[in-house]
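Below, each chain spelled out in residue letters.
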Amino acid sequence: MAKQVTTVSEEGYSATNEIREFETTIDANGEDAPDTLEALLAAYGSCYVPALRVGGQQRDAGDLGQIEIDITGELNDDDKLESVQFDVRVEADVDEDTGEEVIERAFELCKVHDALKDSLHAETSFEGNAV
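Described below are features of the structure shown in this document. (Residues numbered from 1 in each chain as written. Predicted model: local features only at pLDDT ≥ 70, side-chain atom pairs only at ≥ 80, totals over all residues. Heavy atoms only, no water.)

## A word on helix α1 (residues 36–58)
So the rule is basically this: Per the convention used, a helix needs a DSSP run of H or I reaching at least four residues, while a strand needs a run of E reaching at least two, with both numbered from the N terminus. Here, expected helix span is obtained from the residue count minus one, scaled by 1.5 Å. For every residue, the accessible area obtained with a 1.4 Å probe (protein chains only) is divided by the maximum for its type, and the residue is called buried under 20%, exposed over 50%, and partly exposed between those limits. Polar contacts, as used here, are pairs of N or O atoms within 3.5 Å; protein pairs need one atom able to donate a hydrogen and one able to accept it. Residues neighboring in sequence count only if both atoms are side-chain atoms.
Its 23 residues place the ends of α1 33 Å apart at the C-alpha level, agreeing with the 33 Å of an ideal helix rising 1.5 Å per residue. Those residues of α1 lying buried are L41, Y44, G45, C47, Y48, A51, L52, G55 and G56. You can read the cap of α1 off the contacts: a side-chain oxygen lies 3.0 Å from the backbone nitrogen of L37, and it is on D35. Directly beyond the C-terminal end of α1, a positive phi value near 60 degrees is found at D60.

## A short note on helix α2 (residues 96–109)
Definition in use: By definition in these notes, contact holds between two residues if any of their heavy atoms fall within 4.5 Å.
The terminal C-alpha atoms of α2 lie 20 Å apart, and with 14 residues this matches the ideal 20 Å at 1.5 Å per residue to within 8%. Those residues of α2 that are buried are in contact with α1. Regarding α2, its N-cap is D95, as a side-chain oxygen of that residue lies 3.1 Å from the backbone nitrogen of D97 further along.

Following this line, the structure appears as structure tokens:
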């Protein structure tokens, strides 16, 4: 099984991404759409939500109800992502110890978290005069 995305940029720094029957735009400058790091943080948070729900069930916290995550990505001097902070709030009454267990389990389950590892690097080919 593989995931397939087609990214097209006709000019400038904005790109349209075709993902199955969906289309999303990402603008590296952040002028016309979310920038690349904002899109990454959104994908991370969107993946972490279901991981929290499953983690809540598996760690006896039950249904977490509404979940809100404020995600902050700190940038270094080169405007590259240096760190990520999740501030998670849930509707359910969950004690601190159980919350920590849910958080740890959610990181184990989150596929985006897993993908953000140093060993993952895109195998790349390049073809000129092709489009």
